[in-house]
Amino acid sequence: MTDLSDLYQEVILDHNRRPRNFHSMDRANRRAEGFNPLCGDRLTVYLHVDGDVVREVSFEGSGCAISKASASLMTESLKGKSPAEAETIFQTFHDLVTGGGDGETATSDQLGKLVVFSGVRDYPVRVKCATLAWHTVMAALRNKQEVATTE
Ligand code: ZN
């Protein structure tokens, strides 16, 4: 019998072992670096934004399983979205992992696979690992040059 949390765990481990879109990008027109000093997670996010569409997202870096899996799943969920949609997904994801906003109700439809991080809310120190890639991608979309941190 498979417990739901086991299933979620499995998705996170899989994305940690085989991160998707894990490479730099030559044709990136946005990029940002993120650092989570609490855990030592460090990553660079690359974006190819064409008009109002995120055509491609990739990342590289090193960090714990949560930060890597979160970045991997993020690249999948943002592809084809507009920067405004990305912002909405980030907000919903942030509420999910912090237990803020509407909590359980609104999230699962909008987040798809990202719901696997719902367990993170029970581990406050991990919230920064799970949101690092998102803070970084938001910095890239807003075209900020400085290094994004979770602090
Ligand atoms: Zn971490």
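The shown structure was predicted, so the numbers you read here are calculated from the model rather than taken from an experiment. (Residues numbered from 1 in each chain as written. Predicted model: local features only at pLDDT ≥ 70, side-chain atom pairs only at ≥ 80, totals over all residues. Heavy atoms only, no water.)

Novice: Residues and numbers for the side chain of Thr-131, please.
Specialist: Tracing the sequence through the fold places Thr-131 in helix H5 (residues 124-141). Beyond its immediate stretch of four places on either side in the chain, Thr-131 contacts Phe-93, His-94 and Val-97. (Helix = DSSP H or I, 4+ residues; strand = E, 2+ residues; numbered from the N terminus. Contact = heavy atoms within 4.5 Å.)

Novice: Explain the packing of aromatic side chains to me, and be specific about the residues and the numbers.
Specialist: For any two aromatic rings, the description comes down to two numbers: the centre-to-centre distance and the angle of the planes. Counted under the stated rule, the structure contains four aromatic pairs. A centroid spacing of 6.3 Å and a plane angle of 20 degrees characterise the contact between Phe-90 and Trp-134, whose relative ring orientation is stacked. Here Trp-134 lies in helix H5 and Phe-90 lies in helix H3 (residues 83-98), a separation of 44 residues in the sequence. Judged by its relative accessible area of 0%, Trp-134 falls in the buried class. Their ring planes at 25 degrees and their centres at 5.1 Å tell us that Phe-93 and Trp-134 sit as a pair that is stacked. Linking Phe-93 in helix H3 with Trp-134 in helix H5, this pair joins segments that are 41 residues apart in sequence. An aromatic cluster is built from Phe-90, Phe-93, Phe-117 and Trp-134, whose rings are joined through pairwise contacts. The ring of Phe-35 is capped by Arg-42, whose NZ or CZ atom sits 4.0 Å from the centre of that ring. (Phe/Tyr/Trp six-rings, centres within 6.5 Å; stacked < 30°, edge-to-face > 60°. Buried < 20%, exposed > 50% of the residue type's maximum accessible area, 1.4 Å probe, protein only. Lys NZ or Arg CZ within 6 Å of the ring centre and 35° of its normal.)

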